[in-house]
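Survey of secondary and tertiary structure
Here's the letter readout for the chains.
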Protein chains: 2
Amino acid sequence: MKSIAILGFGVVGCGVAEVIEMNKERIASRLGEELRVKKILDIREFPDSPFASLVTNKKEEVFDDPEITVVVETIGGARIAYEYTKMALSSGKTVVTSNKELVSTHGVELMQLAHANHCNYIFEAAVGGGIPIIRPMHRCLAGNKVERIAGIVNGTTNYILSQMAENGSDFDAALKEAQSMGYAEQNPSADVDGIDAQRKIAILSTIALDGAYVDPTKLFTVGITAITTKDMEYAKEMNASIKLLAIFENGENGAFAYVAPHLVSKSHPLACANDVFNAIMVTGNAVGDVMFYGQGAGKLATASAVVGDVMDAIEHQSRNAHVAPWYESETPVLVPIEEHRVSVLLRLPDSVSDEQIEEAFPEISCQPCVYEAEGEKAVILGKDGDLNEAKLAIGLQSFDNVLSVIRIF
Amino acid sequence: MKSIAILGFGVVGCGVAEVIEMNKERIASRLGEELRVKKILDIREFPDSPFASLVTNKKEEVFDDPEITVVVETIGGARIAYEYTKMALSSGKTVVTSNKELVSTHGVELMQLAHANHCNYIFEAAVGGGIPIIRPMHRCLAGNKVERIAGIVNGTTNYILSQMAENGSDFDAALKEAQSMGYAEQNPSADVDGIDAQRKIAILSTIALDGAYVDPTKLFTVGITAITTKDMEYAKEMNASIKLLAIFENGENGAFAYVAPHLVSKSHPLACANDVFNAIMVTGNAVGDVMFYGQGAGKLATASAVVGDVMDAIEHQSRNAHVAPWYESETPVLVPIEEHRVSVLLRLPDSVSDEQIEEAFPEISCQPCVYEAEGEKAVILGKDGDLNEAKLAIGLQSFDNVLSVIRIF
């Protein structure tokens, strides 16, 4: 009998208890012994829950119990979850989590704490919900240098963008729809401003860089709040979808990581991820492109990843480090985003002349877009790899009225 | 310094040596020590190869060397590869392979031999080439019951079908094109008759059934040789792609596994895998649908999976069993395919009447297809779940001239 505790009985925590219950025979068969949730720590009570008898608000019942060797942290955030995670790791209990904010903020300290206490800090569920991504990238692709990661990693924004594309809704209407469906929070900022995606690509980038910590708060991040129905019209005419992409690149010039909306060709596999689905394309220097697709959020899907990690932790105890331990690098890990080569769709009023564009972007490749809405001038800049973020930012300042700038994937 | 040997210096074997060389620093950094290919066993010599000095035709130099703890088997087939694999496992050397024929035919014996000798038989590369599928399914999705697997697992046939769809080629022309590109063998039977896909779904099914061995030779298998340009016309009008799908299903009625061409809606993520790319959709009862996409074949892609397995074997030595050991079940593992519910597009000459169809398929749901080519009658049978393979086979016998039967996914 292996006993675990769940900290935080919200949506995902409850999902973990449900998945363990739903699949208990096959889990027991696989582990060779029964897996049970012994305690659920939460300040609330859940009198109507089938798991009510397991719920306690006394943390000693979890942290002082030697029978409990693995703790699931599904509290969220970086305050009480941080304290409890440190408490668990310090007493040698492995912590399994879906908490991308905590992992991306305090991952270095927590993984080093786990290492010092011969246990593990494991977080497959923190990126891509139920989709296997961390373990495949770290183990199956271990023979590769990861050259690029491009992911649709936030279901809220993907749902909003899909609604806008399919129904012609504007951003506000699509956001309201997402909120009514439970796909967006009342305060949706973390999603629509790209913060959630930023944290996830910081985690994946750190793993791709073999543990060299990437600070999410330092990453160039653009959300989707400026995307309009007119942008959607352009995307449709260009046979593309607008997707919020979280990107890591590691080439000859060094490593970049950033989040921004991109036009993605409809023939690209990433474009097949719509609504709340996520998709993460990883490019390795041996394997080429591999893509992982599935439900990036949701109670049972996220719980699936947590339970997979719990089972792995139990099967391997402290021997199988989840990923290479994270560390703070002495030298900068990422190249400044200003140097990153980019190609964009630029929409301007048609009062702007070709000469003005040439002056704003000297010696930058510039082609007319296949489509121009009435009253507009639309060009593709930087297709030949001669535009970087610095030149883009500087050039845009020449114009009083930039209608839209969307990066092209 | 960890030493391995490669058996068989063909395309994949050579790829393994190249990937290890290409990424040697990061591999050494990850393992904490250098990984070297010490010997390459092949009856041929490769005087122009940078690895020529490692090549030997004396098997004792591999099997009698205690320094060599992991052996890569990239010979292929089930004869000499089988003998050498047994030899290696019997002397406690872990074997890593891409050999789907050997794994699907002798997997039970070889895994039990590995277990008895405290080593492992590991084969991520046997299914989906470089795409991580086995390890994610077995570990990350361990908290799920796998309810379905639907895979485009053969690049040759996917390339042929893509050519037929995009260029209007007929099967013979598309096959020639594939052969000239090196995507199909001179004797393409194993691919176009579905045998390769059959082996791969047998492997995945066995893993989904926690090791209960599924014999590939017993699986209902239809290849792509009967697909015509007219079928492609129907697919286009139905907004679908024709894909050779390898399918496993495990529901209330038991488990099925089979291979056949299917019409797949263009809006389904599986339809995004074209040309030589593979895609495998796995459905778990907690995670829902997850899909793994990438290069299912090719020198470096397949080598990537082999090297990932080699590194994992070295990191975990004999402690980390790749998958649950396989065994021969005393009771039948699969339900006879006759009972499997199926929905099909049936194309007949238009001289056939509705009454004749009703008589051949009594009380089976039957709808006109959205498209009918001139001179044809086309119906969708079994959409309501009331048709099984037995009734389909019996009903088809009523007609002298069945133009086409394609299953609908």
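To be clear, the structure that these remarks concern was listed above.
Keep in mind that what you see is a predicted model, and the values were worked out from it rather than measured.

1. What about the sheet that holds strand 2 (residues 35-41) of chain B?
Taken in spatial order, the 6 strands line up as 3-2-1-4-5-6 (chain B) in an open sheet, and their pairing is parallel. Here the strands that pair on one side only, and so sit at the sheet edges, are strand 3 (55-56) and strand 6 (121-122) of chain B.

2. Topic: the relation of the copies chain A and chain B
Mapping chain A onto chain B calls for a screw motion: a turn of 180 degrees about the axis and a shift of 0.0 Å along it, with 0.0 Å RMSD after fitting. Each copy turns onto its partner about a two-fold axis. Closest approach to the rotation axis among the C-alpha atoms of chain A is made by A:F292, whose C-alpha sits 2.5 Å away. The fraction of interface residues of chain A whose copies in chain B are also interface residues reaches 100%, indicating that both copies meet through the same surface.

3. A short note on helix 11 (residues 229-237) of chain B
Residues and elements named next belong to chain B. Those residues of helix 11 lying buried are D231, M232, Y234 and A235. Relative to the axis of helix 11, the buried residues are bounded by an arc of 160 degrees and lie together on one face. On its buried face, helix 11 sits against helix 7 (155-167), strand 9 (240-251), strand 10 (254-265), strand 13 (344-349), strand 15 (376-381) and strand 16 (404-408). N239 occupies a position one or two residues after helix 11 and carries a positive phi of about 55 degrees.

4. Quick look at the pattern of salt bridges
Summed over all chains, the structure comprises 46 salt bridges over all chains. Across the salt bridge formed by B:K38 and B:D65, the nearest N and O atoms sit 2.5 Å from each other. Of this pair, B:K38 sits in strand 2 while B:D65 sits in the loop between helix 3 (60-63) and strand 4 (68-73), and the two are 27 residues apart along the sequence. As a salt-bridge pair, B:E101 and B:R199 come within 3.8 Å of each other at their nearest N and O atoms. Residue B:E101 is located in helix 5 (residues 100-116), and its partner B:R199 is located in helix 10 (residues 195-208); the two are separated by 98 residues in the primary sequence. Classification of B:E101 as partly exposed rests on a relative accessible area of 25%. Here the residues in one salt-bridge network are A:R30, A:R135, A:D309, A:D312, A:E315 and B:R139, joined through shared partners.

5. Some thoughts on the packing of helix 4 (residues 80-90) of chain A against helix 5 (residues 100-116) of chain A
Residues and elements named next belong to chain A. At a minimum axis distance of 10 Å, the contact between helix 4 and helix 5 shows a crossing angle of 15 degrees. The orientation of helix 4 with respect to helix 5, classified from their angle, is roughly parallel. For the pair helix 4 and helix 5, the sense of crossing is right-handed. Only L102, H106, E109, L110, L113 and A114 of helix 5 make contact with helix 4, whose side of the interface consists of A81, Y82, T85, K86, L89 and S90.

6. Brief notes about the state of the cysteines
Counted under the stated rule, the structure contains 0 disulfides over all chains. Note on A:C369: no disulfide assigned, nearest cysteine sulfur contributed by A:C366 at a separation of 11 Å. Here B:C272 is not disulfide-linked; the sulfur of A:C272 is the nearest cysteine sulfur, at 4.1 Å. With a relative accessible area of 15%, B:C272 lands in the buried category.

7. Remarks on the sheet that holds strand 1 (residues 2-7) of chain A
All names here are of chain A. Spatial strand order, 3-2-1-4-5-6: 6 strands in an open sheet with parallel pairing. The sheet terminates laterally at strand 3 (55-56) and strand 6 (121-122), the two strands that pair on one side only. In this sheet, strand 4 (residues 68-73) lies alongside strand 1 in parallel orientation, the contact comprising 5 bridges. Counterpart to L7 in the pairing with strand 4 is E73. In this fold helix 12 (residues 299-316) packs onto strand 1, strand 2 (35-41), strand 4, strand 5 (94-97) and strand 6, with an angle of close to 160 degrees to the strand it touches most, strand 4.

8. Quick notes on a negative patch on the surface
Residue and element names in this part refer to chain A. On the surface, a cluster of negative charge is contributed by E355, E358, E359 and E363. By the secondary structure assignment, E358 is in helix 13 (residues 354-360). Assessed through its relative accessible area of 46%, E358 is described here as partly exposed.

9. Description of the side chain of A:S304
Positionally, A:S304 belongs in helix 12. You can call A:S304 buried: its relative accessible area is 0%. Polar contacts involving the side chain of A:S304 include one to the side chain of B:N144, which spans 2.8 Å. Beyond its immediate sequence surroundings of up to four residues, A:S304 is in contact with B:C140, B:L141, B:N144, B:A286 and B:V287.

10. Observations regarding the environment of A:M238
Residues and elements named next belong to chain A. Mapping M238 onto the fold places it in the loop between helix 11 (229-237) and strand 9 (240-251). Given a relative accessible area of 21%, M238 falls into the partly exposed group. Setting aside residues up to four positions removed in sequence, M238 forms contacts with L263, L345, C369, V370 and I380.

11. Looking at the interface of chain A and chain B
Taken together, the contact between chain A and chain B spans 47 residues of the former and 47 residues of the latter. For the pair chain A and chain B, the summed buried area comes to about 3900 Å², and 54% of that belongs to carbon and sulfur atoms. In terms of surface lost to chain B, no three residues of chain A exceed A:R26, A:R30 and A:C140, which account for 15% of the buried area on that side. Scanning the region where chain A abuts chain B turns up 6 salt bridges. Here A:D210 makes a salt bridge to B:R26, at a shortest N to O gap of 2.9 Å. There are 20 residue pairs in polar contact (both at pLDDT 80 or more) connecting chain A and chain B. Every element with two or more residues in the side of chain A that touches chain B is listed here: helix 1 (11-22), helix 2 (24-31), helix 6 (134-140), strand 11 (277-284), strand 12 (288-295) and helix 12 of chain A. In terms of residues, the side of chain A that touches chain B owes the most to one element, helix 12 of chain A, which gives 9 residues. Among the residues forming the side of chain A that touches chain B, the class breakdown is 23 nonpolar, 13 polar and 11 charged.

Reading the values: the criteria
- Residues numbered from 1 in each chain as written.
- Chains lettered and ligands numbered in written order.
- Predicted model: local features only at pLDDT ≥ 70, side-chain atom pairs only at ≥ 80, totals over all residues.
- Heavy atoms only, no water.
- Pairing = 2+ DSSP bridges.
- Helix = DSSP H or I, 4+ residues; strand = E, 2+ residues; numbered from the N terminus.
- Least-squares fit on C-alpha atoms with pLDDT ≥ 70 in both.
- Contact = heavy atoms within 4.5 Å.
- Buried < 20%, exposed > 50% of the residue type's maximum accessible area, 1.4 Å probe, protein only.
- Arc of directions from axis to C-beta.
- Salt bridge = Lys/Arg side-chain N within 4 Å of Asp/Glu carboxyl O.
- Axes fitted to C-alpha atoms, helices over the stretch in contact; angles between N-to-C directions.
- Parallel < 35°, antiparallel > 145°, perpendicular 65-115°, else oblique.
- Left-handed = near helix turned anticlockwise from the far one by under 90°.
- Disulfide = S-S within 2.5 Å.
- Patch = residues over 30% accessible without salt bridge, like charges linked within 9 Å, V, L, I, M, F, W, Y side chains within 5 Å.
- Areas by Shrake-Rupley, 256 points an atom, 1.4 Å probe, with all protein chains shown as cover.
- Lys, Arg positive; Asp, Glu negative; His and termini not counted.
- Charge placed at Lys NZ, Arg CZ, Asp CG, Glu CD.
- Polar contact = N/O pair within 3.5 Å; in protein donor to acceptor, adjacent residues only side chain to side chain.
- Buried area = accessible area lost by both parts, 1.4 Å probe.
- Nonpolar A, V, L, I, M, F, W, Y, C, P; charged D, E, K, R; others polar.

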